[in-house]
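Commentary on secondary and tertiary structure
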Amino acid sequence: MDSALNAAKPGKKRKRESQSQLDEHASVLELESQVLESRRHYNKIVTLLNLCWGRNPQNDKNENTLAGIALCRIFCRLLALGHMVKSPEMTENEATVMQWLNDRYSDYKDVLLNAISKGDASIQSTALTLLMRLFKEEATHLKKPDGTVWRTGIFPKLLDVLLDTESSADVRDEFMHKFVEDNNASREQSHQSLGIIISMLATVENVPETPDDLTDFYLAAPPKSKHELYSPLAHKKQAQDAWLAVLRQSLTKQQRKTVLGMMSRRIAPWFLKVELLMDFLTDSFDEGGSTSLMALSGLFYLIQRKNLDYPQFYQKLYSMLDYNLMHLKQRSYFFRLLETFLSSTHLPAALVASFIKRLSRLALNAPPAAIVVIVPLIYNLLRSHPMCTFMIHRAVESLRKEGDEDIFRMDETDPMETHAIESSLWEIHNLQDHYHPNVATIAKIISQPFTKQGYNLEDFLDHSYESMLHAELSKDIKKPPEIEYAIPKRIFSKHDPVSGQEDNLMVKLFSFT
């Protein structure tokens with residue numbers, strides 16, 4: 001008998017809990033119905049607010065959620081009916097009620113923002129959905145000028161909360177996937193706000209290193225010497241958290257490039273744990289193109305200045321050397337970085353030889369403006385790494401006569417396994433017969449004694465087709481060039497047999513019909 005009673009107790013408890021939940025649900029719905037039924041019950045809005053999240057810790061979680069949803073329906077209905085906007089026909093009493101409703105509406109939005117900031121995952125998701133519903137209703141019924149609804153009111157406040165470090169990453173992801181990715185207006189405003197935040201953070205350049213750097217305060221200086229405002233570590237911690245909050249967002253390609261461009265100068269110096277930047281930099285490199293190039297600059301800074309171990313750095317750098325790079329507008333920027341990356345005399349000779357050989361091979365099909373940079377860069381690398389000069393003196397002609405192929409493995413991704421150190425620079429030798437006189441001239445520096453300490457790469461980086469053509473046309477002609485003694489009448493077609501003139505070489509080599 002006792003065992004039967006004990007077995008029945010859990011069932012009765014669950015029944016009482018279920019009944020309690022039904023009563024709470026009915027109570028909230030009753031309050032909502034009364035508010036929507038008559039203005040006399042508007043004070044019930046305060047009752048519902050007190051049932052919401054954060055107002056009373058003793059309230060049941062389900063009741064909090066029900067009250068939050070009920071208030072959303074109430075204010076959406078009031079916005080649609082125009083009861084939240086002052087009109088000329090309103091009496092003084094009606095205007096007072098309207099102002100009271102707007103105050104309670106502000107209280108409700110603050111409750112939702114606080115729930116997104118500090119609530120658990122399920123509460124954050126519900127509060128975010130309700131807040132965006134209110135934003136949509138405001139945009140529909142308040143008739144604000146174009147763009148104003150995005151710059152004032154709920155949306156910018158929501159962005160501030162989502163960027164706050166206390167907010168969960170899950171609610172930020174939900175916001176981006178649910179309300180931004182497929183909505184052009186939301187996406188544009190989010191990116192615009194994020195761009196403003198990035199530019200504001202970037203203006204703070206002076207990183208404090210000692211308490212002596214923290215002497216200027218807008219208000220009165222804190223009286224306690226141990227106040228966190230006097231702590232450089234506290235300042236760095238705040239800046240680090242701010243930048244991490246930005247880097248976690250869905251950045252546009254241009255914003256990502258902006259951040260990467262100032263990574264080593266304005267962002268990394270603020271970080272107490274620079275390894276926190278590694279994921280962002282490696283993800284940026286995986287995007288490819290110019291973004292990869294800018295990410296490598298940040299990675300090299302962390303390796304050089306912060307002693308971070310990144311063993312695949314030079315392998316990634318080597319993989320970026322391809323034919324497309326020779327035609328990119330960021331080509332000059334890359335060569336600047338490449339010279340810096342390979343300047344250390346502690347690098348293995350086999351590694352540097354692979355870069356030299358790959359650059360030489362790419363120069364065969366590169367535009368003249370790229371070749372005039374590659375050759376001086378190779379010269380500087382050979383000067384810095386004498387072990388690689390064997391590649392110049394290796395007998396190339398004998399190898400050709402014997403029919404041997406170049407031992408260099410162009411398709412190898414690991415620069416330590418290309419066998420470049422065992423090869424030669426026959427490509428630079430071939431460039432000495434290049435059609436462009438400037439390329440042919442500069443390629444001959446490899447065959448001459450290395451008396452020059454090194455070339456300043458900046459003197460060659462800004463060359464282009466236009467600048468090289470302009471340089472040729474502006475030269476003073478000391479000796480007139482030789483011209484053909486017999487001016488042909490036709491160049492791209494055959495002469496008449498009766499003319500007795502020989503067809504032009506162009507016609508012999510190519511068919512233009």
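As a convention, each chain's residues are numbered from 1 in the sequence order in which they are written. Given that the model is predicted, a residue must reach a pLDDT of at least 70 before its local features are reported, and side-chain atom pairs must reach 80 or more before they are shown or counted; all residues, however, enter totals for whole chains, interfaces and linings. Only hydrogens and water are set aside when side-chain values are computed; all heavy atoms of the structure are taken into account.

Once that is clear, we can look at the overall build of the protein. Helical segments are the DSSP runs of H or I of at least four residues, strand segments are the runs of E of at least two, and each set is numbered from the N terminus. Per the secondary structure count, the protein includes 24 helices and 0 strands. Counting the 513 residues in the protein, one finds 41% classified as buried. Throughout, the Shrake-Rupley method with a 1.4 Å probe supplies accessible areas, and for residues the shown protein chains are the sole cover considered. Accessible surface, the protein as shown: approximately 30,300 Å² in total, 52% of it carbon and sulfur. Only protein chains enter the accessibility calculation, which uses a 1.4 Å probe. A residue is then buried if its area is under 20% of the maximum for its type, exposed if over 50%, and partly exposed in between.

This part covers the packing of helix α11 (residues 253-261) against helix α13 (residues 278-286). Each axis is a line fitted through C-alpha atoms, taken for helices only over the stretch in contact, and angles between the N-to-C directions span 0 to 180 degrees. The N-to-C vectors of α11 and α13 enclose an angle of 125°; their axes lie 12 Å apart at closest approach. On the basis of the axis angle, α11 is oblique to α13. The element α11 and its partner α13 pack so that their crossing is left-handed. Only F280, L281 and S284 of α13 make contact with α11, whose side of the interface consists of R256, V259 and L260. Residue type decides the class: Asp, Glu, Lys and Arg count as charged, Ala, Val, Leu, Ile, Met, Phe, Trp, Tyr, Cys and Pro as nonpolar, and the leftover types, Gly among them, as polar. Split into classes, the residues belonging to the contact of α11 with α13 amount to 4 nonpolar, 1 polar and 1 charged. For this classification, under 35 degrees means roughly parallel, over 145 means roughly antiparallel, 65 to 115 means roughly perpendicular, and everything else is oblique. Should the near helix be turned counterclockwise from the far one by less than a right angle, the crossing is left-handed, whereas a clockwise turn marks it as right-handed. Residues count as neighbours in contact if any of their non-hydrogen atoms are within 4.5 Å of one another.

We define a salt bridge as a side-chain nitrogen of Lys or Arg found within 4 Å of a carboxyl oxygen belonging to Asp or Glu. Throughout the structure, instances matching the rule amount to 13 salt bridges. R104 is the partner of D107 in a salt bridge, and the nearest nitrogen-oxygen pair spans 3.1 Å. Here D107 and its partner R104 are both found in helix α4 (residues 92-118), 3 residues apart, which amounts to about one turn of the helix. A relative accessible area of 16% means that R104 is categorised as buried. Note that E137 and R133 form a salt bridge whose closest N and O atoms lie 3.2 Å from each other. Remark: R133 and E137 occur in helix α5 (residues 121-141); sequence separation between them is 4 residues, near one turn of the helix. Here the salt bridges share partners, and the residues they tie into one network are K357, R361, D406 and E427.

What follows concerns the side chain of R331. Tracing the backbone through its elements, the reader meets R331 in helix α16 (residues 331-341). Apart from residues no more than four positions distant in its own chain, R331 is found in contact with L325, M326, P367, A369, A370 and H463.

Along the chain, pLDDT gives the predictor's confidence residue by residue, from 0 to 100. Averaged over every residue, the pLDDT of the protein is 79; residues scoring 70 or more account for 84%. Confidence, expressed as mean pLDDT per element, reaches its minimum in the protein at helix α20 (residues 396-402) with 50 and its maximum at helix α17 (residues 349-363) with 94. Below pLDDT 50 for its whole length, residues 1-10 participates in 0 contacts with residues either more than four positions away or in separate chains.

What follows covers the packing of aromatic side chains. Any pair of aromatic rings gets described here by the distance separating the centres and the angle formed by the planes. Pairing of aromatic rings covers Phe, Tyr and the six-membered ring of Trp, with a centre-to-centre limit of 6.5 Å; geometry is then stacked below 30 degrees between planes, edge-to-face above 60, and tilted otherwise. All chains considered together, the criterion is met by 9 aromatic pairs. Aromatic pair Y379 and Y455: ring centres 5.0 Å apart, planes at 80°, arrangement edge-to-face. Highlighted residues: Y379 in helix α18 (residues 368-384) and Y455 in the loop between α22 (437-443) and α23 (465-473), separated in sequence by 76 residues. On the basis of relative accessibility, which here comes to 22%, the residue Y455 falls in the partly exposed class. The interplanar angle of 70° and the centroid separation of 6.1 Å between the aromatic rings of Y455 and F460 together place this pair among those described as edge-to-face. F460 gets classed as buried once you look at its relative accessible area, which sits at 16%. Site record: aromatic cluster; members linked through ring pairs are Y379, F450, Y455 and F460. Working rule: Lys NZ or Arg CZ, within 6 Å of ring centre, within 35 degrees of ring normal, means a charge sits over the ring. Across from the ring centre of Y318, 4.9 Å away, lies the NZ or CZ of R358, which sits over that ring. A cation over an aromatic ring shows up here: K452 above the ring of Y455, its NZ or CZ 5.1 Å from the ring centre.

A few words on the side chain of Q34. Structurally, the position occupied by Q34 is in helix α1 (residues 2-37). Note on Q34: relative accessible area 17%, which makes it buried. Residue contacts for Q34: discarding those within four places in its chain leaves H41 and K44.

Now for α13. Looking at α13, one finds that the buried residues are M278, F280, L281, T282, S284 and F285. In this structure, the buried side of α13 is in contact with α10 (232-247), α11, α12 (263-267), α14 (289-306) and α15 (313-319). Just past α13, the residue G288 takes up positive phi, approximately 85°.

Unlike most non-glycine residues, H419 shows phi in positive territory, near 65°. As for its placement among the helices and strands, H419 is situated in the loop between α20 and α21 (426-431). Assessed through its relative accessible area of 32%, H419 is described here as partly exposed.

For the rest of this paragraph, the subject is the environment of C52. Relative to the helices and strands, C52 resides in the loop between α2 (44-51) and α3 (61-81). On a C-alpha basis, the gap between C52 and N62 in space is 9.7 Å, while along the polypeptide they are 10 residues apart.

To qualify as a nonpolar core, a set must consist of buried Ala, Val, Leu, Ile, Met, Phe, Trp, Tyr and Cys residues joined through side-chain atoms within 4.5 Å. In terms of nonpolar packing, the biggest core is built from 86 residues, with Y314, F335 and L338 touching the most fellow members. Ranked by the residues each element gives to this core, the list is headed by α18, at 12 residues. Not counting residues up to four positions away in its chain, the partners in contact with Y314 are F300, F341, L342, L347, L351, F355 and P415. L49, C72, F135 and I154 belong to the second-largest nonpolar core, a separate cluster that totals 45 residues.

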